[in-house]
Amino acid sequence: HQDAAAQVARDKAILVASSGQINTLDPLRSDYNQTNVPANALYDTLVVFGKDNNLVGRLAESFKVADDGKSIAMKLRAGVKFHDDTTLTAKDVAFTLDRLKKLGVGAASLIEGYESTTVNGDLDLTINLSAPSALFLPALCKIYIVNSALVTANAGDNDGQTWLQSHDAGSGPYTVKSFEGQAVEMVRFDDYWDADPARPEGLVLKRVDESATKRDELSAGNLDVGLFLTNRDVVALENDPNLTASWFNSTLQAEIIFNTRVGPTADPRVRKALRLAYDYDGGLAAIRLGKGTLANGALPHGIACRPDLPPARRNVEEAKKLLAEAGQTNLKLQLSFQPVWEQQKQEATLFQANLRDIGVEVELVPIAFPTYLASLSDPKTIPQMMLLEDFAQYPDAGIMLMKGYKSDAIGSNRSGYSNPEVDKLLDQARVTVDDAARCDLYKKVQEIIDNDSVMLDMYTLQRSAVYRKAHVDGVGPTPQVTPIALSGLRLLAK
Amino acid sequence: MSRARSYLWFFAKRLGTVVFALWSLGSLVFLMIKVIPGDEAQIAAGPDASPDQVALVRQRLGLDASVIVQYFRFWGRLLHGDLGTSITTFQPVLLDLERTLPSTLELVVVAMLINLSVSIPAGLIAAARRGGRTDGLFRVLAVILGGMPAFWLALMLQYLLAARYRLLPISGQNSYGMEPPRWTGVPTLDAIAAGNMASLLDALTYIVLPAAVLAVLYSTQIFRALRTSLLGVLESDFIMAVRAKGATERRVLIGHAFPNSINPVLTLAGTQLGAMIGAAVLVETVFARRGIGTYMFNAVAQKDMYAVLGSVLFIGAIVCLINLVVDVLQIVVDPRIRAAQFGRS
Amino acid sequence: MKLFTLDSVCKSFAAKTGNPTRVLNDVSFDVATGETLGLVGESGSGKSTIAKCMLKLLRPDSGSVVFDGIDVPNARGAELSRFRREVQLVFQDPYGSLNPRMTAGELIAEGLLVHGLEPNGAARRRQAQHLMGLVGLDPDNIDRYPNSFSGGQRQRIAIARALACRPRLLVCDEPVAALDVSVQAQVINLLQDMRAEFDLTVVFIAHDLAVVRHLCQRIIVLHRGEIVEQGSREEIFGNPRMPYTQSLLAAVPIPDPVLAQRRRTAVQEA
Amino acid sequence: MSLAPAIRMRTPRVKISFQGACVSLLIALLVFAALFGPMLAPEAIYRSDILSSLQPPSAAHWLGTDDQGRDVLWRVIVGTRTTLLSAIAIVTAYSLIGVAVATIAASGPRWLDEALMRVTDVGLSLPSMIVALGFAAALGPSLQSAIIAQSITGWPITARILRNVMHQTMEAPFVAGAHVIGVSRWRLMTRHVLPNSLDVLIVKWTSDIGGTVLILSSLSFIGVGAQPPSTEWGAMIAGARGYVSTAWWTVLAPGIALAITSVAFGLLGDMIQAWRDPSLRESR
Amino acid sequence: MMMQPNPAGRPAPVPGEAPLLSVDNLCVSIRVDDRSVNIVDGVSFSIRRGERVALVGESGSGKSVTARALMRLERRMKATGSIVCDGRDILKLSDGEMRRVRGGTIGMVFQDPMSFLDPLRTIGDQIAETLRIRGVSRRDAERKALHILDELKVERAAERLTAYPHEFSGGMRQRVVLAMALIGDPRLLIADEPTTALDVRVQDQVLALLDEISRSRGLSVLFITHDLGIVAGFADRVMVMYAGSVVEDGDVYSTFAAPRHPYTRGLLDAVPRIDRDSDRLASIRGTPPHVFARPQGCPFHPRCDRAFERCVIERPVLRELGGMRVACHRPEPEAAR
Ligand SMILES: Nc1ncnc2c1ncn2[C@@H]1O[C@H](COP(=O)(O)OP(=O)(O)OP(=O)(O)O)[C@@H](O)[C@H]1O
Ligand SMILES: Nc1ncnc2c1ncn2[C@@H]1O[C@H](COP(=O)(O)OP(=O)(O)OP(=O)(O)O)[C@@H](O)[C@H]1O
Ligand SMILES: [Mg+2]
Ligand SMILES: [Mg+2]
């Protein structure tokens, strides 16, 4: 009978397998995808991006940016309950933002410029900024509101980071039952303000790194949803009658970032030549199995405010000519990559072969992500070329450009790119409240960047999810959660 | 010297060795971590953090102090039983270990049980039939299995037994809904504690393949050591004396040869336990089990210094403990060692 | 003339547990030039320990060991070198006492080499062959390794090796104990011949009293690290004074059934 | 005890001949592959040809192609050099360290011996895999750092074993004999003690190569050793891991090569041991 | 057969009584390189009830192998011929029956008592084991063990039962080994150099003990040694072995007085004597041959001063000669008596 009971529970649950270590459930770390995915099921945000990449309220019933751009007035939804049955108020919002500012880690980097929150009433508040910023409001889509009373009660000596690592203080549709690093087990919160009985009673997010294992578990029926499978495995599973393999557009972009400061890649002509060497179509077809769109510009498809640039193309002759012009013969370069990512490894090898065609020898240098991050603090230590998959925290051109290309964004400006003109345009955009005008500035910046060949943008990738046809519904991403939003999952009625 | 005092002296000496070992270990790892390129503060602050934020974090983690100061702080905390706090999970490392280690220990202990329950009978049979066909077969098997890369074997068996023929689960540690209430964090133990047979069976189906794969290499080693040791002992004079009393071969083997051969096997099994904890990472990655291997691997990858230090020290302590137990066992088994350590009994 | 003097030598070994055990207790004796001194005692009585102290293989806890004016425990440099040349040792175990990875020739000539007595390799080899002939080995076997020789032959190699440097004193620690009777007789005879040939002073350690009686002019009886009795062969065997010596002698079996029977009846009557 | 050596040597020769022939053949093949494989291999195995990836075994590619379209058989053959050379380098390096430590410990004063052995204890008390993981991470994940890590972690066992053997040897009467003859300390250690203690090391050196090959590939497998696109076997298996069910040849081939190598060297070690140590032979 | 007066008061031989042990043409061989080598090469002898026979010979002559063959303890060797003990042919017994003979009909004492005791078991355990194997209860077996240690004059025997071998001195250990052999009440005791590892004084005690016990129990003893002194004091009869065969067999008095085989003669002359001075020892030249290199013809001929052509070609058989048995083509002259 225990087996039977277990089977019943299993039928009412959805098991999701994802990749990578989940360090913490503390929504503070929503900048890491491994945390953002479960946090999205446990917490709510004030605003979210809607269908057309426009911001809509979630916990916020309404919001309005002041004309000077220095404050935002907000009214909260009434009757939202936290999991411990207390009601969400403006105090909780203030607490959440203050905590982030105080700790200064993780998602705090998204809301730079936050000054304070004025609580005007239970559901009424004003957020004050130190300077006008067009970047602030969209960032709120990644700020999960925590239960101030609960976190205060469990603050410990680090503002609740220890406690929140394995507990939740949210108002989301699920609440944490257990968390062991390799798996988060969640149960449905029945008092959720947006309750839906079709949500599964149990929701498990497991870490299974190996794509093949996920593939086998899915075919065996042990998993309901599989994320981060290699494209090859997903395509293989498309034939399984019990499974559905879905592809979603995303903001994930595969790219090779050049060091624009030192070495041969400091020369734009060399960078341009390298860009002309890669076999974009071959890579997309053979490695990504066609699941993506060739890149045209620095920012991934699916983001607003992109100029209409021509997609990158391979042109060996032109590349050789450019190299000759730059006086670079017998060029030897290093390409850093993270060998843990199967497909990136293949791309690295492919690029190596492509460059041989234009007479450039490439040494492949495996690198661990922390080492890479550390190298960014000084342009001189940035790898000559780094192969990465990068994605937008949320689909806003401003934040990506600001972090990625401004000369003072040390640490996140991964090419060491420094262009006064770009800096000026971006500063201007920051204080431009008018959306259209800001958009034009962003487009201009992107054109400059593309012309400078700061990176080799390969393609914007599709993300996939494979799930059990007869069991699961509602599999899909939202702009702030990829590859899928757990909160959207539903059980299919039998 | 009195008996009690020599016992005390024995343990004091062993303890001294253990402390020295742990100290050098900790210092070594500390040094190593400091050599690793990569900035802990940057990782703690997040990939998009601004330089100011990173500096703030650096200060809060005490990473702005000189290495020497950090070193002493580290030991100071350690003496208070604090292994430090992970910079990625914000958990006390001890807590993280408490979550991950039991699972590894379960794997290792089950593997050791499989190891011994296969290798010892095989060793005894081979020695009893030395030169015979069974002996030859066992030896060939031992050679071949001993050369198998564990991770490769794990992959192949996982594919064949689990993915292809679905005889065993593919990965993980429990089926959904079968988890026993968490008490020790060891599924099998917890199931036993909860008196839940179904859950125990479930946990066993999950552990048997990983443990068996982990056991293979080590059981061939024990088999060979036991066989060699037994053959040596069986050649020795006192065995002839036992035969001259009219003892059966069974009695000779089990009653006399085996106890006299156990010493090298004990020592080997002791070192193996330590090595198995290390090798568990291979099996854990293939079977997607939680465990100290994966934890350490992550910690190293994220330059989570205290997590690495803590795990290494903890594993070191466990290994030292195992060595101590092996020492004590040898003393229990062999009256000569007993006499050498504690004088006449 | 006194060649070797031991005076009040004491030696203890640290036991793993408990107090150190005293193995030599105030042992004093001299070895006169040209004599053959026998050292007898039961197993564990300290015979080998004395030999080791004499050869600077062990350092006595107290007391002095002097060889021909050399303070043995503290000798170094040229003095030590002379000591090492002039005092040699033959061991009991013919199997363990020869380095299995050196040929007979290398073994025998090693002393000549390390003391620089014969820098020329060919000459060394000739001398080794000469010595082999002297101790009754076939010089053609010079390039064979020890494990292809029998026990008695190895003991001959060991003796040749000891004699290579023309020592003045030879310490033999039970050199025949491991050998068969027939071979034992050969080695004893060889030792006697060599003693004459090389004009050696010999300290002969044994527990076989019959061999000692046969070989030694003066005998020291040891018991538990102390000298019980010492005297000439005639004194010890003809008229032992100490009860210990008497009991020792009485226990030695005599290969003559009639005498043995007579002795047994005497004991039964007593 | 007093068996003549002549007989001892004759006894086992017949017994091992078949096994011996197999092992010799295997070792010869491996050495050949390591020496000449990279020279004979087609250049194509170093570059990716995505379009012909994962082809099953055929006349053109006897063991099929991998995910980058490279010939698996050739990669396995070329990998012999990487794997074998690394393993030999590692074992040699730590054996040398071990010999040095053991010699110093055995010939030096007591306190030094004691201190060195305590340090060795520490080295022994940590699973080498864990240390290797740390070291490899410290120096960045690469074949070189895996080699360095293993060289550094391997020596304690060698040092301990050798030191114990040397101590035993030093107890042997022939050492005292050499001492009495006036042999210098240096000659004593190098001519008398070491040669009579090294047997165990030669055996260990050989059989350790097999074990080291396994550890090295394990490290590569979990991503801290050789990195793709290196032809190291463990890295090849790691890279092919996802294709166990769809393209079995990519995983099977390097795995079998690994197993064969470690078995061959293990057996070679056994043979040398049996040859050098008569006590292990059938007739005692 | 001419008999000496029986000074020790041993039971006189009963004429016509079947010997306790009779060995006929015993060969023990071992396979080396697919070739079979005889280590023991056609040995025949018998032992009467209550008789003590000494087996002497140089190292490697095959004494121990013979002794073990009597108990079928050499597992890798093949024995042919016949060994009839107490009416049963040992070589034809099943393994189960053989186990009953071991420790039951025949007891065995070994040379090095330390290496012949299991270091991990208490003395009491090991002595009692002989009986425990035969189904005797633990209590009874231990009582019997205690009794036998008392008989062997072990002081504080009760305490000693719980001690381990390493806590005993050499002489004590040898008594324990003796007790192990005697507790099963054997008819024949095979003692393989039981005193070689002991000091003379302890040897003396152990021999006296053995003498006393064998007499009181009427035991037959096969005593292996290479010490001719012990033979003279202990045995009724002596057999001399050389290179795997018995070369001389006779009662101690006649043999010691006038050995007929040159080898025996040589042995006796080579022994230095405690009771008289000698200038130079007579020695036998050469060394005993290795088992695998035994010469053709008489195995002793390369070392023999009396050898002539026939010795090189023909191997002498053991033949009756003046009340003794000798295997020599040209025996030493009989004693003029
Ligand atoms: N290195 C040592 N450490 C501890 N005890 C020792 C050591 N060497 C000798 N002894 C002890 O000293 C005592 C005397 O030993 P020694 O070897 O001198 O005796 P011996 O008279 O030569 O005996 P044997 O006749 O057996 O050779 C013995 O009890 C022995 O156990
Ligand atoms: N298991 C064996 N394998 C090969 N040869 C053996 C074996 N056992 C004994 N021998 C050989 O058989 C010969 C006779 O051995 P045995 O032990 O009977 O001699 P022994 O007369 O008892 O000598 P010792 O006086 O040394 O005890 C020896 O040369 C020995 O090397
Ligand atoms: Mg001695
Ligand atoms: Mg014998």
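Parameters and conventions
- Residues numbered from 1 in each chain as written.
- Chains lettered and ligands numbered in written order.
- Predicted model: local features only at pLDDT ≥ 70, side-chain atom pairs only at ≥ 80, totals over all residues.
- Heavy atoms only, no water.
- Near = heavy atom within 4 Å.
- Polar contact = N/O pair within 3.5 Å; in protein donor to acceptor, adjacent residues only side chain to side chain.
- Areas by Shrake-Rupley, 256 points an atom, 1.4 Å probe, with all protein chains shown as cover.
- Helix = DSSP H or I, 4+ residues; strand = E, 2+ residues; numbered from the N terminus.
- Nonpolar A, V, L, I, M, F, W, Y, C, P; charged D, E, K, R; others polar.
- Contact = heavy atoms within 4.5 Å.
- Buried area = accessible area lost by both parts, 1.4 Å probe.
- Salt bridge = Lys/Arg side-chain N within 4 Å of Asp/Glu carboxyl O.
- Disulfide = S-S within 2.5 Å.
- Buried < 20%, exposed > 50% of the residue type's maximum accessible area, 1.4 Å probe, protein only.
- Pairing = 2+ DSSP bridges.
- Axes fitted to C-alpha atoms, helices over the stretch in contact; angles between N-to-C directions.
- pLDDT = per-residue confidence, 0-100.
- Parallel < 35°, antiparallel > 145°, perpendicular 65-115°, else oblique.
- Left-handed = near helix turned anticlockwise from the far one by under 90°.
- Expected span 1.5 Å × (residues − 1).
- Bend = angle between axes of the 7 residues up to and from the residue.

Lining the immediate environment of ligand 2, one finds 14 residues, of which E:Ser59, E:Gly60, E:Lys63, E:Ser64 and E:Val65 sit closest. At the site occupied by ligand 2, the surrounding residues belong to chains D and E. Separating an oxygen atom of ligand 2 from a backbone N or O atom of E:Gly60 is a distance of 2.9 Å. In the complex, the protein chains occlude 81% of the 630 Å² of accessible area that ligand 2 would expose alone. With 3 residues, helix H1 (residues 63-70) of chain E is the single largest residue contributor to the shell around ligand 2. Of the residues in the shell around ligand 2, the class split is 6 nonpolar, 5 polar and 3 charged.

Turning our eyes to something else, we now look at the interface of chain B and chain A. It is common to give the size of an interface as the accessible area lost on bringing the parts into contact. Each partner contributes to the interface: chain B provides 43 residues, whereas chain A provides 50 residues. Approximately 4000 Å² of surface area, both sides summed, lies buried where chain B meets chain A, with 51% of it carried by carbon and sulfur atoms. Connecting chain B to chain A are 1 salt bridge. Here B:Arg290 and A:Glu180 are joined by a salt bridge, their closest N and O atoms 3.7 Å apart. Breaking the side of chain B that touches chain A down by element, the ones donating at least two residues are helix H2 (40-45), helix H3 (51-60), helix H7 (150-164) and helix H12 (292-301) of chain B. Broken down by element, the side of chain B that touches chain A gets its largest block of residues, 5 residues, from H3(B). Residue composition of the side of chain B that touches chain A, by class: 19 nonpolar, 15 polar and 9 charged.

A word on unusual backbone geometry. Going from A:Thr482 to A:Pro483, the amide bond is cis rather than trans, its omega being -5°. Turning to its location among the elements, A:Pro483 is positioned in the loop between strand E18 (472-473) and strand E19 (490-491). Non-glycine residue A:Cys305 carries a positive phi angle of around 65°. Considering the arrangement of structural elements, one finds A:Cys305 in the loop between strand E13 (292-294) and helix H11 (316-325). Although it is not a glycine, C:Lys56 adopts a positive phi angle of roughly 60°. Counting through the fold element by element, C:Lys56 comes out in the loop between helix H1 (47-54) and strand E4 (62-67).

To continue, consider the state of the cysteines. All chains considered together, the criterion is met by 1 disulfide over all chains. Disulfide partner of A:Cys305: A:Cys439, at an S-S distance of 1.8 Å. Of note, the bridge from A:Cys305 to A:Cys439 carries an S-S torsion of about -90° and is left-handed in sense. Note that A:Cys305 is positioned in the loop between E13 and H11 and A:Cys439 in helix H16 (residues 435-451), a separation of 134 residues in sequence. Judged on exposure class, the residue A:Cys305 and its partner A:Cys439 are both buried. Distance from the sulfur of C:Cys172, which forms no disulfide, to the nearest cysteine sulfur (C:Cys216) is 9.2 Å. E:Cys328 carries a free sulfur, and the closest cysteine sulfur to it, the one in E:Cys304, is 6.1 Å from it.

Let us now look at the site of ligand 1. Residue and element names in this part refer to chain C. Around ligand 1, the structure places Phe13, Val23, Glu42, Ser43, Gly44, Ser45, Gly46, Lys47, Ser48, Thr49 and Glu174. At 3.3 Å from an oxygen atom of ligand 1 is found a main-chain nitrogen or oxygen belonging to Ser45. At 2.6 Å, a side-chain N or O of Ser48 approaches an oxygen atom of ligand 1. The element that contributes the greatest number of residues to the shell around ligand 1 is H1, accounting for 3 residues. For the shell around ligand 1, the residue count by class is 2 nonpolar, 6 polar and 3 charged.

A few words now on the arrangement of the chains. In this assembly 8 pairs of chains touch, with chains A and B having more contacts than any other pair. One thing to see here is that chain A and chain C don't touch, and their nearest C-alpha atoms sit 50 Å from each other. There is no contact between chain A and chain E; across them, the least C-alpha separation is 48 Å.

What follows is about the pairing of strand E5 (residues 71-76) of chain A. All names here are of chain A. Where strand E4 (residues 60-65) meets E5, 5 bridges bridge the pair, whose relative direction is antiparallel. Bridged to Phe63 within E5 is Met74. Note: E5 against strand E7 (residues 124-129), 5 bridges, orientation antiparallel. In the strand pairing of E7, Ser71 is matched with Asn128.

All names here are of chain E. Spatial ordering of the open sheet is given by E6-E7-E8-E3-E9-E10-E12-E11, a layout of 8 strands whose pairing is mixed. Looking at strand neighbours, the two that pair on one side only are strand E6 (106-109) and strand E11 (319-321), the edges of this open sheet. Averaged over all adjacent pairs, the angle separating strand axes in this sheet is 20°, with direction ignored. The pairing of strand E10 (residues 245-251) with strand E12 (residues 324-326) spans 2 bridges and is antiparallel.

In this section: the confidence of the model for chain D. Residues and elements named next belong to chain D. Mean pLDDT for chain D: 81, with 88% of residues reaching 70 or above. pLDDT under 50 marks residues 1-14. Its contacts with residues more than four places away, or in other chains, come to 22 contacts. When the criterion is pLDDT under 50, residues 278-284 qualifies, and its contacts beyond four places in sequence or with other chains add up to 17 contacts. Under the prediction, the complex receives an ipTM of 0.84, its pTM being 0.86.

What follows deals with the packing of helix H3 (residues 104-114) of chain C against helix H7 (residues 185-193) of chain D. Where H3(C) meets H7(D), the axes come as close as 14 Å, and the angle between the chain directions of the two elements is 165°. When the axis of H3(C) is compared with that of H7(D), the two are roughly antiparallel. For H3(C) against H7(D), the interelement crossing comes out right-handed. Listed contacts from H7(D) to C:Glu106, C:Glu110, C:Leu113 and C:Val114 of H3(C) are D:Arg187, D:Arg191 and D:His192.

What follows covers the sheet that holds strand E1 (residues 21-32) of chain E. Residues and elements named next belong to chain E. Across the sheet, which stays open at both edges, the 4 strands sit in the order E2-E1-E4-E5 with antiparallel pairing between neighbours. Each edge of the sheet is formed by a strand with only one pairing partner; in this case those strands are strand E2 (35-47) and strand E5 (88-89). Docked against the sheet, H1 engages E1, E2 and strand E4 (78-85), running at close to 110° with respect to E1.

Another aspect to go through is helix H9 (residues 197-235) of chain B. Residues and elements named next belong to chain B. Across its 39 residues, H9 extends only 47 Å between first and last C-alpha, which sits more than 12% below the 57 Å expected from 1.5 Å per residue. The largest bend in H9 amounts to roughly 40° and is located at Val216. The N-terminus of H9 is capped by Asn196, whose side-chain oxygen sits 3.3 Å from the backbone nitrogen of Ala198.

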